[in-house]
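# Understanding the architecture of this molecule
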Amino acid sequence: MKKLIAFDLDNTLAESKSQIPDVMSECLARLLAKYDVCIISGGKFEQFEKQVISRLNVTDELLSKLHIMPTCGTRYYRYDQIDKKWQMIYHNNLTAEQKTRIRAVLEHGAKELGIWEAHPYGEIIEDRGSQVTYSALGQDIGEMLGEEGLKRKYEWDPYMKKRNKLRDLIAPQLSDLEVRVGGITSIDITLPGVDKAYGIRKLIDALEISADNILFIGDMLQEGGNDYPVKAMGIDSIEVRDYKDTPLVVEGILGVTE
Ligand SMILES: [Mg+2]
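Residues numbered from 1 in each chain as written. Predicted model: local features only at pLDDT ≥ 70, side-chain atom pairs only at ≥ 80, totals over all residues. Heavy atoms only, no water.

## Details of empty space enclosed by the protein
Inclusion rule: Of the two site types, the cavity is a set of points on a 1 Å grid over the protein atoms alone where a 1.4 Å probe fits but cannot get out, and the pocket is an open set with protein on both sides within 12 Å along at least five of seven lines, each lined by residues with an atom within 4 Å of a point. Grid points are joined across faces, edges and corners, and a volume is the space filled by probe spheres set on the points. To qualify as a helix, a DSSP run of H or I must reach at least 4 residues; to qualify as a strand, a run of E must reach at least 2; elements of each kind are numbered from the N terminus. When residue character is reported, Ala, Val, Leu, Ile, Met, Phe, Trp, Tyr, Cys and Pro are called nonpolar, Asp, Glu, Lys and Arg charged, and the others, Gly included, polar. Domain start and stop positions are those given by an automatic or database domain assignment.
Evaluation of the coordinates by the stated rule reveals one cavity of 30 Å³ or more. Space inside the largest cavity adds up to approximately 420 Å³. In this structure, the largest cavity is lined by 30 residues; those nearest its centre are D10, G182, G183, I184 and S186. Those elements giving two or more residues to the lining of the largest cavity turn out to be α2 (45–51), β7 (131–135), α6 (147–156), β8 (178–181) and β9 (186–190). When its residues are assigned to classes, the lining of the largest cavity shows five nonpolar, 16 polar and nine charged. Two domains share the lining of the largest cavity, each providing at least three of its residues, namely domain 1 (4–92 + 194–257) and domain 2 (96–190).

## Remarks on the pairing of strand β2 (residues 36–40)
Along any regular strand the residues' side chains alternate between the sheet's two faces. Quick note on the threshold: Relative accessibility decides the category of a residue: with a 1.4 Å probe and only protein chains considered, values under 20% of the type maximum give buried, values over 50% give exposed, and everything between is partly exposed. Strands are labelled as partners when DSSP assigns at least two bridges between them. Note on handedness: a clockwise path from strand one over the helix to strand two, with the strands aimed away from the viewer, defines a right-handed crossover.
Burial analysis of β2 places four of its five residues in the buried class, which makes it a mostly covered element. Here four bridges tie strand β1 (residues 4–7) to β2, and the two strands are oriented parallel to one another. Residue I5 lies in a different strand from β2, and its bridge partner there is V37. For the crossover that starts at β1, traverses helix α1 (residues 22–32) and ends in the parallel β2, the hand is right-handed. Pairing between β2 and strand β3 (residues 66–69): four bridges, direction parallel. Bridging across to β3, C38 finds its partner in H67.

Now the structure itself:
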């Protein structure tokens, strides 16, 4: 029996770095009435607040059934109904030495490949505590340029060639860490063994549920995709083409149980 429905964020619940649409906000509210819901992504907590939490119109009780796992579950947040605020349950950060080394290797590698953006929109390299993320065009391009920014992001590396090249170049130099393609213009570096499966395992332990109790929905479930580790660990998974498919999947889940 499914007890928890887990989602990827970017391109599964919303357009990359954008707010969830009304229909998704309603879907999540209806799901929360029946299930625990987890959202797991490479982004930081503030991104979840902006894209999802601020768009939810649910009671505190339902909000407490939402499990937020930023940076692939290296951080875990729950809503405290008594304090009426989000609380970090745990975090698992990189050391200062590791972060400095990652920054140097990323910048050097991107310059060597000729993809270090001279005029980025916001920071190219962002410290997310437990993860360092390279965003080719700058972290804030979506916010600063809107639709045009998203378009540029999608056009930057449609076949994942640049991201794969950069990953292959820098991974041997960061062999004690894990280097992965993240979103449509990004590379994520974390402690080894940290991917979405890591987060889901943490969640299974925290909630004392089994893998069978979880259904996962994501847009990158193909081998090498950032959602694939969840499927590979044996979680029942549904792939969506993009966030426009997801309400249909949710309708299907609710149709069986409502
Ligand atoms: Mg995604």
